[in-house]
Amino acid sequence: MRRSFFSVFILVLLGMGVFPFFNVGTEAKGEGQTVYVIPVEDDVERGLLAFLERSFEEGNENGADHFILEINTPGGAVDAAKNIGTLLQNQDVPVTSFVINEALSAGSYIALNTDHIYMTPQGQMGASGVINSDGTAADLKAQSAWIAAMTAAAESKGRDPIYAEAMANKEIDLPELGAPKGAFLTLKPSNAEKVGYSNGTIHDREELLAELELSDAKIVEMETTLAEELARLITHPFVVPILLSIASLGFIVELYSPGFGIPGTMGLVSLLLFFYGHLVAGLAGFETILLLVLGIILVVAEFFVPGGVLGIIGMISIIGSMFMAGADVGNMAFSIGIAIIISIIASVVLFKRMGFEKGFFRHIILRDATTTEGGYVSSKNRIELIGLEGKAITTLRPSGTGEFDGERIDVVTEGGYIASGTRIKIVKTEGSRVVVREIIEHKENEGGSLK
């Protein structure tokens, strides 16, 4: 069973190494000019940026005459969108945006950085207010920077910046376009043409190629590789905390399980997927991987070197490598926090149910006890002393020294005061504790007895 887990793990690693070399592109027949068609779909994140960088690099190397971005995205990360905008601005070859359905938020910013924009009849562009990962409005500083980026993108391509600002600033009043004060501007095809944000309403790609006078061009349709698809999934802000939580939960359960099985494999694969996806997306470098490996080595070394310092440094290194790999510090802190909470809860539950009797802990936790049943005693219990009589050779307040049959013994009274020289009797022994009581002598006379 264990061998099968390792076999699966090795296959995962081999797959990770092979996927990046699958450069998927579908080339259609044609003559004359070459047009690269690149899909911009789903959320905008660093995985999309890596795909676009590869697509433009390949197109430029192969002499592309035109790039078409087929956009259908609800938006995404601001930093990824800005990097994509920079990529588009640096192109010497014309770039056209074709809004298939949505170019919202970061998607509208991408479109504004292209030379031409065309929309389908159902297309829409705008609603670009910047928000935090938790869905709340970003602070004024972040909003101001984003508004400036939107207007700069519009101006760079000769478009009126007021509409780009209205997409990101609810204070702009444009009721004639369906965006009164308090609402973000979202342009429909007719309004987009009216304000010069769309070059025309097009039904499909063939009609767009005819409009651009590229009907006879050779078409190359770019497609994401398996590695890029994986990277886009793994770097998604909602997937990162899930992946890290699975990793932490797997390792915690493995500590309470005999051998190395499904939980440990699950945790290891999840952790490797996290770093692999961020590596493909360009978020993590090899220095991040080196820091991770160093952290793991130090944590393992902690089991063999007492002191705790190596373990602490190792955990700091591992967490630091995660922050280095993350695109957003806030989201990464949130993800790591969720993983830590899940780890604590799992540890408490498993400890209550299993203790340290199973799994890896059984090798490092001392479970032996020096019990009486096992032949261990903390001190000899001198039961034979009970009943002996002697005298206090020191004042007992309540402890002191007594003499019994010539042997000096440390004793303690039952709580009272006994003067030196008083006759005493041992009434109880509890390990090294010897309890004495004063002997009361009685004298008889005619009228009875007196103390």
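Reading guide: rules and limits
- Residues numbered from 1 in each chain as written.
- Predicted model: local features only at pLDDT ≥ 70, side-chain atom pairs only at ≥ 80, totals over all residues.
- Heavy atoms only, no water.
- Helix = DSSP H or I, 4+ residues; strand = E, 2+ residues; numbered from the N terminus.
- Buried < 20%, exposed > 50% of the residue type's maximum accessible area, 1.4 Å probe, protein only.
- Contact = heavy atoms within 4.5 Å.
- Areas by Shrake-Rupley, 256 points an atom, 1.4 Å probe, with all protein chains shown as cover.
- Pairing = 2+ DSSP bridges.
- Patch = residues over 30% accessible without salt bridge, like charges linked within 9 Å, V, L, I, M, F, W, Y side chains within 5 Å.
- Salt bridge = Lys/Arg side-chain N within 4 Å of Asp/Glu carboxyl O.
- Lys, Arg positive; Asp, Glu negative; His and termini not counted.
- Charge placed at Lys NZ, Arg CZ, Asp CG, Glu CD.
- Core = buried A, V, L, I, M, F, W, Y, C linked by side-chain atoms within 4.5 Å.
- Axes fitted to C-alpha atoms, helices over the stretch in contact; angles between N-to-C directions.
- Parallel < 35°, antiparallel > 145°, perpendicular 65-115°, else oblique.
- Left-handed = near helix turned anticlockwise from the far one by under 90°.
- Nonpolar A, V, L, I, M, F, W, Y, C, P; charged D, E, K, R; others polar.
- Right-handed = clockwise from strand over helix to strand, strands pointing away.
- pLDDT = per-residue confidence, 0-100.
- Polar contact = N/O pair within 3.5 Å; in protein donor to acceptor, adjacent residues only side chain to side chain.
- Expected span 1.5 Å × (residues − 1).
- Phe/Tyr/Trp six-rings, centres within 6.5 Å; stacked < 30°, edge-to-face > 60°.

1. What to know about the overall build of the chain
A tally of regular secondary structure across the chain gives 15 helices and 15 strands. For the chain, buried positions account for 42% of its 451 residues. By sequence separation, contacts in the chain at least 24 residues apart represent 62% of the contacts at least 6 residues apart. Surface summary for the chain: the accessible area is close to 24200 Å², and the carbon and sulfur share equals 58%.

2. Considerations on unusual backbone geometry
Each neighbour pair has its own omega, and for R397 with P398 the value is 5°, a cis peptide bond. Residue position: P398 is located in the loop between strand 9 (389-392) and strand 10 (399-404). The residue S105 is not glycine, and still its phi comes out positive at about 50°. By secondary structure assignment, the location of S105 is in the loop between strand 4 (95-104) and helix 4 (106-112). The backbone of E213 sits at a positive phi, close to 60°, despite the residue not being glycine. By the element assignment, E213 lies in the loop between helix 8 (205-211) and strand 8 (218-222).

3. As for the pairing of strand 9
Judged from the three bridges that link them, strand 9 and strand 12 (residues 423-430) form a sheet pairing that is antiparallel. Paired with K391 across the bridge in strand 12 is R423. In terms of strand pairing, strand 9 meets strand 10 through two bridges, oriented antiparallel. Within strand 10, the position partnered with K391 by the bridge is E403. Hairpin remark: strand 9 followed by strand 10, antiparallel, with six residues in the connecting loop.

4. Digging into a negative patch on the surface
Residues D204, E206, E207, E211 and E213 make up a contiguous surface patch of negative charge. Judged by relative accessible area, which is 69%, E213 ranks as exposed.

5. Remarks on the nonpolar core
Ranked by size, the top nonpolar core spans 54 residues in total, and within it L52, F56, L69, M125, L185, L187 and Y197 carry the most contacts. In terms of residue count, the dominant contributor to this core is helix 5 (residues 140-156) (six residues).

6. Thoughts on the packing of helix 3 (residues 78-89) against helix 5
Running from N to C, helix 3 and helix 5 point in directions that differ by 20°, and their axes come no closer than 12 Å. Relative to helix 5, the element helix 3 lies roughly parallel. Handedness of the helix 3/helix 5 crossing: left-handed. Residue-level contacts link V78, A81, K82 and Q89 of helix 3 to A145, W146, A149 and S156 of helix 5. In terms of residue class, the contact of helix 3 with helix 5 is made up of five nonpolar, two polar and one charged.

7. What to know about the sheet that holds strand 13 (residues 433-438)
Read once around its circumference, the closed barrel built from five strands follows the order 9-10-11-13-12, with strand pairing classed as mixed. Each strand of the sheet is rotated relative to its neighbour by a mean of 55°, with strand direction disregarded.

8. Regarding the pairing of strand 5 (residues 116-119)
Look at any regular strand and the pattern is simple: side chains alternate between the two faces of the sheet. Direction of pairing for strand 4 relative to strand 5: parallel, over a ladder of four bridges. Pairing of S97 across the sheet is with I117, part of strand 5. You can see the chain leave strand 4, run along helix 4 and come back into strand 5, and the turn it takes is right-handed.

9. Examining the confidence of the model for the chain
Looking at the chain as a whole, its pLDDT mean stands at 81, while 80% of the residues score no less than 70. Confidence drops under pLDDT 50 across residues 443-451; counting only partners more than four residues distant or on other chains, this segment forms five contacts.

10. Quick notes on the side chain of T413
Position of T413 relative to the elements: it lies in strand 11 (residues 407-413). Within the structure, the side chain of T413 is placed 2.8 Å from the backbone oxygen of G416, a separation counted as a polar contact. Setting aside residues no more than four positions away along its own chain, T413 makes contact with L396, P398, I418, V435 and V436.

11. As for helix 3
With twelve residues, helix 3 should cover 16 Å at 1.5 Å per step; its first-to-last C-alpha distance of 16 Å lies within 8% of that length. On its buried side, helix 3 packs onto helix 2 (46-61), strand 3 (66-73), strand 4, helix 4 and helix 5.

12. Looking at the packing of aromatic side chains
Under the criterion given, the structure shown has five aromatic pairs. Both rings, one in Y109 and one in W146, keep their centres 5.1 Å apart while their planes meet at 45°; by these two values the pair is tilted. With a gap of 37 residues between them, Y109 in helix 4 and W146 in helix 5 connect regions that are remote in the sequence. Taken together, the aromatic side chains of Y36, F56 and F67 make up a single cluster linked through ring pairs.

13. Here's the deal with the environment of D65
By the element assignment, D65 lies in the loop between helix 2 and strand 3. The spatial distance from the C-alpha of D65 to the C-alpha of D92 is 9.5 Å, given a sequence separation of 27 residues. Contacts of D65, omitting those with residues within four sequence positions, involve Q33, T34, V93 and P94. Polar contacts involving the side chain of D65 include one to the main-chain amide nitrogen of T34, which spans 2.8 Å.

14. Here we look at the packing of helix 12 (residues 286-302) against helix 13 (residues 309-325)
It is the contact of helix 12 with helix 13, at a shortest axis distance of 7 Å, that shows an interaxial angle of 155°. If you check the angle between helix 12 and helix 13, you find them roughly antiparallel. Judged by the sense of rotation from one axis to the other, the crossing of helix 12 with helix 13 is left-handed. Each of E287, T288, L291, L292, G295, I296, L298, V299, A301 and E302 in helix 12 lies in contact with helix 13, whose residues at this interface are V309, L310, G311, I313, G314, M315, S317, I318, G320, S321, M324 and A325. Looking at the contact of helix 12 with helix 13 residue by residue, the classes come out as 13 nonpolar, seven polar and two charged.

15. What about a nonpolar patch on the surface?
The grouping of I296, V300, F304 and V305 at the surface amounts to a nonpolar patch, some 370 Å² of accessible area in total. Residue position: F304 is located in the loop between helix 12 and helix 13. Judged by relative accessible area, F304 falls into the exposed class, the value being 66%.

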